[in-house]
Every structure is written in C-alpha cells, then in structure tokens.
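One letter stands for each residue in the lines below.
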Amino acid sequence: MCKTLAIFGGTFSPPHLGHVRAAEHFSDAVQPSRLLIVPAAIPPHKELKDGVTPEDRLEMCRLAFGHLPNVEISTVETEREGKSYTADTLSLLSQEGVRLAFLCGTDMMLTLDRWYDPARIFSLADLYCIRREDDRETEQLMQKQNDLYERLFGKRVILLDAPVYEVSSTQIRESLLTGESTRHLPPAVAEYIRKRGLYT
Ligand code: ATP
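Criteria and cut-off values
- Residues numbered from 1 in each chain as written.
- Predicted model: local features only at pLDDT ≥ 70, side-chain atom pairs only at ≥ 80, totals over all residues.
- Heavy atoms only, no water.
- Helix = DSSP H or I, 4+ residues; strand = E, 2+ residues; numbered from the N terminus.
- Buried < 20%, exposed > 50% of the residue type's maximum accessible area, 1.4 Å probe, protein only.
- Contact = heavy atoms within 4.5 Å.
- Salt bridge = Lys/Arg side-chain N within 4 Å of Asp/Glu carboxyl O.
- Near = heavy atom within 4 Å.
- Polar contact = N/O pair within 3.5 Å; in protein donor to acceptor, adjacent residues only side chain to side chain.
- Areas by Shrake-Rupley, 256 points an atom, 1.4 Å probe, with all protein chains shown as cover.

1. Side note on the side chain of Thr138
Along the chain, Thr138 falls in helix H7 (residues 136-153). The exposure class assigned to Thr138 is buried, which follows from its relative accessible area of 11%. In contact with Thr138, other than residues within four places in its own chain, are Thr106 and Glu133.

2. Structural notes on the pattern of salt bridges
Across all of its chains, the model carries 15 salt bridges by this definition. As a salt-bridge pair, Glu72 and Arg34 come within 2.7 Å of each other at their nearest N and O atoms. Remark: Arg34 occurs in strand E2 (residues 34-39) and Glu72 occurs in strand E3 (residues 71-73); sequence separation between them is 38 residues. Classification of Glu72 by relative accessible area gives partly exposed; the value is 36%. Between Asp107 and Arg132 there is a salt bridge, with the nearest N and O atoms lying 3.1 Å from each other. With a gap of 25 residues between them, Asp107 in helix H5 (residues 106-109) and Arg132 in the loop between strand E5 (125-130) and H7 connect regions that are remote in the sequence. For Arg132, a relative accessible area of 30% translates into the label partly exposed. What emerges from the salt-bridge pattern is a single network uniting Glu55, Glu59 and Arg62.

3. Remarks on the site of the ligand
What surrounds the ligand is a group of 20 residues, the closest being Asp107, Arg132, Tyr165, Ser169 and Thr170. At 3.1 Å, a side-chain N or O of His16 approaches an oxygen atom of the ligand. Contacts to the ligand include Val167, whose backbone N or O atom sits 3.0 Å from a nitrogen atom. In the complex, the protein chains occlude 89% of the 610 Å² of accessible area that the ligand would expose alone.

In structure tokens:
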C-alpha cells in the first residue's frame, strides 16, 4: 500500500482545540506515515502587531499537536521568502510513491477554486474537509462546490465525518485582548501565551 503524507496548513495564531480535533480526525481517517503541520508565512509587520513571531507560532503548534502520531511541525512556509502558495508547497512535498492528503476547514473548502493554481492543488493531493458549522445551507453550498470541482478538476473534496467544534483564532485573540478566559486553547498553549504575554 502506498504511504500517505498528510498536510494540515494554517495561520495557527494561535492553534486552538478546533484545529487539534480536526488534525486528530484527519489522522484517524488517513492513517498517515507522516503528518505535517504547516504554519503559513505571515507578513512580519502583521505578526508583530500581536507580539507574535513565527517561532512563537511554531512552538505553539509543537505544544498543540505534539501528541499526534508521526507528527512534524514544518518550517517549509515560515522559512520561505514572501507568500507561500499551497500549490507550491504541495509541489515541494510531493514524492514518487507517496500520496499527499491535504486537510482544510469548510471556509477554505468553499473557496478552493479561487486559490492560486487550484488545478495543480487537486492533481497533487487528495483533499479532505472538516466541517466548521453544522447547518443545511453550508452543507448544500459544499455539495455545489464539490460538483463544480468535479467538473473543473475531475475530483471531489472528501468530507470527513467528525463532530463540529465551533471556534476560531480570531475569537480567541479577541478574548485574550479583553482579558477573558477561553476554554478553547490546549492548556500548554494557553500557558505559553500567558508567559510570553502574546495577543495583549
Ligand atoms: P482566523 O480566525 O485567524 O482566520 P482560524 O481559526 O480560521 O483563524 P486558521 O489557522 O486560519 O484558523 O485555520 C487553519 C485551518 O484550520 C483552515 O483550513 C481552517 O478552515 C481550519 N479550521 C480552523 N478552525 C477550525 C475549526 N474550529 N474546526 C475545523 N477546522 C478549523
């Protein structure tokens, strides 16, 4: 059987329990020989506004995802100059005899056709989606998008059967800014943020 390299990319500022649950379900579904968590490059001035460096996001990812089997936190995008396109990252990671599986949430799944070079993304990887909301309207939108992807790229996104965990990094950053507590962070990440005084 061919090996699977599973890839979960995101800004992860900060990584939260929705991300962690998503990565766990993805890993269970695809049983990867390696699971890469890929924090995206963010323009330095944006990161510094929150007092967060790329090294902080990498470290928070190590704390959040470190328990997953065969996991590796990748610097492939944070170390590359400028904006990293998923199509280029997948090209870089593709290897003879290894299947690539790429995970995204509903918001990303619905816009894949507007990403840079979507045909290359669909040809290089099997795409998986984890739902971020649980309503009929979004479900219908996803089916419609999948019909479009099948027409354009000959492939559908595989929808994972997993419970919805509704939270976003934006909500968490807002809570941290106003000093509210949040139960949606892995405890080690919450502790790291507190010690480093991030997002304040
Ligand atoms: P922000 O609020 O800053 O936009 P975010 O919470 O959407 O951040 P990202 O780092 O942008 O988090 O997301 C990385 C990936 O994880 C994306 O594919 C996104 O759709 C997915 N994702 C984010 N939150 C969840 C969640 N609660 N459940 C499932 N997938 C999620």
